[in-house]
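Listed below are the residues making up each chain.
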Protein chains: 2
Amino acid sequence: MAQIDRSLIAALPSFVGMGPEALDDVLAQARPLRALKGAAVFNQGQNADEFFLLLHGRLRVTRITPQGEQMVVRFVGPGDMFGVAMAIKSETYPGTATAVVDSLALVWPNSAWTGLISRHPALALNTMGTLGARLQDSQTRILEMSTQQAEKRVAHAVLRLVNQAGRKTDEGILIDFPISRQDIAEMTGTTLHTVSRIFSAWEEMGLVKGGRRRILVRDPHGLFMLAEKAE
Amino acid sequence: MAQIDRSLIAALPSFVGMGPEALDDVLAQARPLRALKGAAVFNQGQNADEFFLLLHGRLRVTRITPQGEQMVVRFVGPGDMFGVAMAIKSETYPGTATAVVDSLALVWPNSAWTGLISRHPALALNTMGTLGARLQDSQTRILEMSTQQAEKRVAHAVLRLVNQAGRKTDEGILIDFPISRQDIAEMTGTTLHTVSRIFSAWEEMGLVKGGRRRILVRDPHGLFMLAEKAE
DNA sequence: CGGTCGATTTGCGCCATAACAAAAAAATCT
DNA sequence: AGATTTTTTTGTTATGGCGCAAATCGACCG
């Protein structure tokens, strides 16, 4: 097996504070995995026996209720760990991870987890930090859904996407992967109809420019004002 | 300083898999803290320089938006860790913890955190499990708020309280600490008015029996059916 | 025991947004 | 190019539950 270069991961948040030998120890048990656009890396409910780090591409993580209603939990970007069911003491994956563009990940067998955490306290601390950040984010979303109405929730969601995956262009900031109105609706707890109406209004105001599975934010500051303004 | 007995904590989920010396190492740096009903253990935004374990009592953790809207994040029960801002790499407490009954906790200085995690991998793994469970719970709440209407959300919230703090009586299951309609509203993203109406209807149906800051669930199974029924 | 204050209940009107419906637009396939 | 599918837009109607208002109830206090 070709050795994976540790420079690939040394700078990632999950591995800060780890020396070269530690990184080699981590990489020694990993293998690469490609996922083509539209393919699932793992499915909700499936036995969780591996965990992952995304190197390149973008995944959408979703959860579905027994009644069939779906939500978008988050989008995974390069450098993010995902599918860490082991870390949260779950036997199965709590959601489904689907590639929205062709993607490349590293995979470890779950059997490696306890040993890695025990040998590398920095990895443990970093992973906790990651989980904590996700927890904060979830709670923020709950707070938004409790107290704000649809337009502001959508604005916040788009601003979060700008931070995670915004790419500057001369027209404004482009969300760097294909994302549908339905996705936005499932991130914000509304319907694609409402999202579509909101985008139409914003387009009229010159805040954004839409397109099929495409979002270009022309005026991020204006959107921010709209999201934060009291009332 | 009086030594705290390790039998107090040995059986708690946070410390499973740790030997006697490990437990002593953990306890050596802790001190006890009493919080009377209504008192805040820490406040949102305050510099986080300690973390906690609840031994006895009950706390309510809340978060508030810049605009002043509040939500109840969770209730902390005996054996739960809380205020672990360090674990999530936050400088300040992200919420406020208030005693809803007279309570007793253990407190550690944040400076002890890194050392404890490094020396005791089991503690790291257990803490991750705790964070993961909270993350799961948050995502479930988001999913509920996205897809279900107020009555079902309230039903789920009450069932969760039954699991966390239900005490069997001959009349039914009593939530073991004072909790107001306003609290329930802030847990479910609705208003106290709506919660009150829902409780009135349930009382009529014989599902629950209310009271001032008091909830008695007469028919847990009926409530469960109501919460889960498709539609 | 009367007064005060916090908590709860209830009524009513309105509005944001879901639900239903259909068409238009853009991409993909044959 | 034409056909098919997916995604988005837009119109109309219906309604859950919020906002406002007020009354009631119960607990605690002096």
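Basis of the calculations
- Residues numbered from 1 in each chain as written.
- Chains lettered and ligands numbered in written order.
- Predicted model: local features only at pLDDT ≥ 70, side-chain atom pairs only at ≥ 80, totals over all residues.
- Heavy atoms only, no water.
- Contact = heavy atoms within 4.5 Å.
- Buried area = accessible area lost by both parts, 1.4 Å probe.
- Polar contact = N/O pair within 3.5 Å; in protein donor to acceptor, adjacent residues only side chain to side chain.
- Helix = DSSP H or I, 4+ residues; strand = E, 2+ residues; numbered from the N terminus.
- Nonpolar A, V, L, I, M, F, W, Y, C, P; charged D, E, K, R; others polar.
- Near = heavy atom within 4 Å.
- Pairing = 2+ DSSP bridges.
- Least-squares fit on C-alpha atoms with pLDDT ≥ 70 in both.
- Phe/Tyr/Trp six-rings, centres within 6.5 Å; stacked < 30°, edge-to-face > 60°.
- Buried < 20%, exposed > 50% of the residue type's maximum accessible area, 1.4 Å probe, protein only.
- Lys NZ or Arg CZ within 6 Å of the ring centre and 35° of its normal.

### Regarding the interface of chain A and chain B
For step 1, the next point in the chain: Contacts between the two partners involve 40 residues from chain A, matched on the other side by 41 residues from chain B.
For step 2, the next point in the chain: Both sides of the chain A and chain B interface together cover about 3800 Å² of buried area, and 68% of this is carbon and sulfur.
For step 3, the next point in the chain: The three residues of chain A that bury the most area against chain B are Met128(A), Ile142(A) and Leu143(A), which together make up 17% of that side's buried surface.
For step 4, the next point in the chain: Across the chain A-chain B interface, the total number found is 8 residue pairs in polar contact (both at pLDDT 80 or more).
For step 5, the next point in the chain: When residues of the side of chain A that touches chain B are traced back to their parent elements, those giving at least two are strand S3 (50-64), strand S4 (70-76), helix H2 (113-119) and helix H3 (121-147) of chain A.
For step 6, the next point in the chain: At 21 residues, the largest contribution of residues to the side of chain A that touches chain B is made by H3(A).
For step 7, the next point in the chain: In the side of chain A that touches chain B, the residues fall into 17 nonpolar, 17 polar and 6 charged.

### Some words on the protein's contact with DNA strand C
For step 1, the next point in the chain: Residues in close proximity to DNA strand C total 17 residues, the closest being Ala150(A), Thr190(A), Thr194(A), Ser196(B) and Ser200(B).
For step 2, the next point in the chain: Among the atoms of DNA strand C lying within 4 Å of the protein, the sugar-phosphate backbone contributes 61%.
For step 3, the next point in the chain: Ser196(B) is positioned such that a nitrogen or oxygen atom in its side chain is 2.7 Å from a phosphate oxygen of DNA strand C.
For step 4, the next point in the chain: One of the side-chain N or O atoms of Arg213(B) is found 3.0 Å from a phosphate oxygen in DNA strand C.

### Details of the pairing of strand S7 (residues 166-169) of chain A
Residue and element names in this part refer to chain A.
For step 1, the next point in the chain: Of the strand pairs in this sheet, S7 and strand S8 (residues 172-175) are connected by 4 bridges, and their pairing is antiparallel. Opposite Thr169, over in S8, you have Gly172 as the bridge partner.
For step 2, the next point in the chain: Count of turn residues in the S7/S8 antiparallel hairpin: 2 residues.

### Structural notes on the relation of the copies chain A and chain B
For step 1, the next point in the chain: Note on the copies: chain A fits chain B at an RMSD of 0.0 Å, the axial shift is 0.0 Å, and the rotation between them is 180°. Each copy turns onto its partner about a two-fold axis. When C-alpha positions in chain A are compared against the rotation axis, the closest is assigned to Leu135(A), at 2.6 Å.
For step 2, the next point in the chain: Taken together, the interface assignments show that 100% of the residues at the interface of chain A recur at the interface of chain B, consistent with an identical surface on both copies.

### Regarding the sheet that holds strand S9 (residues 208-209) of chain B
Residues and elements named next belong to chain B.
For step 1, the next point in the chain: The 4 strands are arranged S7-S8-S10-S9 in an open sheet whose pairing can be described as antiparallel. Each of the sheet's edge strands pairs with one partner strand only, and the pair in question is strand S7 (166-169) and S9.
For step 2, the next point in the chain: Pairing of S9 with strand S10 (residues 216-217), which is carried by 2 bridges, proceeds in the antiparallel orientation. Counterpart to Lys209 in the pairing with S10 is Leu216.

### Quick look at the packing of aromatic side chains
Residues and elements named next belong to chain A.
For step 1, the next point in the chain: Applying the stated criterion across every chain, the model contains 18 aromatic pairs over all chains.
For step 2, the next point in the chain: On the basis of an interplanar angle of 25° and a centroid distance of 6.2 Å, the ring pair of Phe42 and Phe82 is categorised as stacked. With a gap of 40 residues between them, Phe42 in strand S2 (residues 40-42) and Phe82 in strand S5 (residues 81-82) connect regions that are remote in the sequence. Across the pair, Phe82 and Phe42 agree in class, each one buried.
For step 3, the next point in the chain: A network of ring pairs unites the aromatic residues Phe42, Phe52, Phe82 and Tyr93 as a single cluster.
For step 4, the next point in the chain: The positively charged end of Arg181 is found above the aromatic ring belonging to Phe199, 4.6 Å away from the centroid.

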